[in-house]
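Read off the chains here:
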Amino acid sequence: RREKHTAAPRPARARRRRPLALTHDARLLRDFTRRCLLWARHHGITASLHRGVDVVFDRRATDWRRYGAWRAREPASPLAGPRTATGTPLISLLCPVRDPDPRWLATLHASLAGAADVAWELCLADDGSRAVGVLEALDHLAAQPGVRRVRSEQPGGISRATNRAAAMARGEVFLFVDHDDELAPGALARFAHAFESDPDLDLAYGDEDQITEWGLNIAPTFKPGPSPFLELGFNYVGHPLAIRRGLFEALGGLRSRFDGSQDHDLVLRASEQARAVRHLPGVAYHWRRTRHSVAGSSVTKDWAFERGREAVADACRRRGLPVSAVHHATPRGVYRLEPAPPDRPLPCRTVLH
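Residues numbered from 1 in each chain as written. Predicted model: local features only at pLDDT ≥ 70, side-chain atom pairs only at ≥ 80, totals over all residues. Heavy atoms only, no water.

### Focus on the packing of aromatic side chains
Keep this limit in mind: Here is the rule: rings of Phe, Tyr and Trp (six-membered ring for Trp) pair when centre to centre is within 6.5 Å. Planes less than 30 degrees apart are stacked, more than 60 are edge-to-face, and the remainder are tilted. Strands here are runs of E lasting at least two residues and helices are runs of H or I lasting at least four, both read from the DSSP assignment and numbered beginning at the N terminus. Buried, partly exposed and exposed residues are distinguished by accessible area as a fraction of the type maximum, computed with a 1.4 Å probe on protein chains only: under 20%, between the cut-offs, and over 50%, respectively. The rule for a charge over a ring is simple: NZ of Lys or CZ of Arg within 6 Å of the ring centre, and within 35 degrees of the ring normal.
Under the defined criterion, the tally for this structure stands at six aromatic pairs. Note on F174 and F248: the rings are 5.4 Å apart at their centroids and 80° apart in plane angle, and the pair reads as edge-to-face. In this pair, F174 is assigned in strand β4 (residues 173-176) and F248 in helix α9 (residues 245-250), connecting sequence segments 74 residues apart. In terms of burial, F174 and F248 fall into one category: buried. In this structure, R103 is placed above the aromatic ring of W104, and the distance from its NZ or CZ to the ring centre is 4.3 Å.

### A closer look at the side chain of E182
Filter applied, for reference: Distance and chemistry together define a polar contact, namely a pair of N or O atoms within 3.5 Å, with one atom able to donate a hydrogen and the other to accept it when in protein, and with adjacent residues in sequence counting only for side-chain atoms on both sides. Throughout, a contact is declared for two residues whenever any of their heavy atoms are within 4.5 Å.
Tracing the backbone through its elements, the reader meets E182 in strand β5 (residues 182-183). Only 2.6 Å separates the side chain of E182 from the side chain of R288, close enough to count as a polar contact. Aside from chain neighbours lying at most four places away, what touches E182 is T107, L108, S111, I211, Y285, H286 and R288.

### So, the pairing of strand β8 (residues 241-244)
Put simply, the rule is: Pairing between strands requires that DSSP locate at least two bridges from one strand to the other.
Going residue by residue along β8, you find L241 and I243 tucked away on one face and A242 and R244 tucked away on the opposite face as well. As paired strands, β4 and β8 are joined by four bridges and run antiparallel to one another. The partner of F176 across the bridge, within β8, is L241. In terms of strand pairing, strand β6 (residues 201-211) meets β8 through three bridges, oriented antiparallel. Each residue of the ladder has a partner; that of A204, found in β8, is A242.

Have a look at this one:
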């Protein structure tokens, strides 16, 4: 009789994993396609194609591989000069929140945990959050040491929320952060040392990059030194931004009518009265690129650029500059100043050869 036998089961084939670089490329391509579609919906297909070609062939853009290799070999910026015996000033991080993703809020707090040698406090201003999970996450975070919280039942806007955070803060220096971003290691120490070593320093900012939702650092922005002319063209300061408490209170805080570009308006006003403004080299801030942020696409909050244009126009009037109008330029967030015609004809001299 023939014996019936079963063949031994074949071992399961190991699933081939896609290389990490290809995974990042695929995700970035998907994100780029989504941004192009958003741009096409707002500005048309032709403008979208031109915009896509400009982005792809822009040689100024830094490839994420090269930037990652640079970050790996570039040491963290050391603190210049000896520490004084007076101690570093208390830094109050002002963070307005409204129904944030609890993941990013926890990540922000974790990025502060490594700054053990710096006196800091995280001041959360809840601007009318409603989600139950968010409220539980905020309650849990408020119970942590160094975290303070104020809550408003009705939303009042980002400027009012930030001003409420500043009102309960106890620090000498205010540092503005968003609830879904991160601070780089050593960033707080760099700012604390700068304000400690220079009593006249009223305004300071650092370099930044963007971080994707899956944790890839891309698009670094290395900023120039203080320029009262460049800040009229666009908000090159961005994040991170620190201001001395006395100057912030003298300016009256943030102004709600510029919500969306309230930080640009603050920079314009603060640079006019600051005793000293300083750029601190080194990437100190990771701006998270999410679907609903300006980092993800400039058309998600197109109204914010109109607020920026109004802030620049207000600064021109305040400074008495001969500017008749401020216009939007390309790309969005850049402004063009139209000079006013002179009150009287300019003198003209004819030279005969």
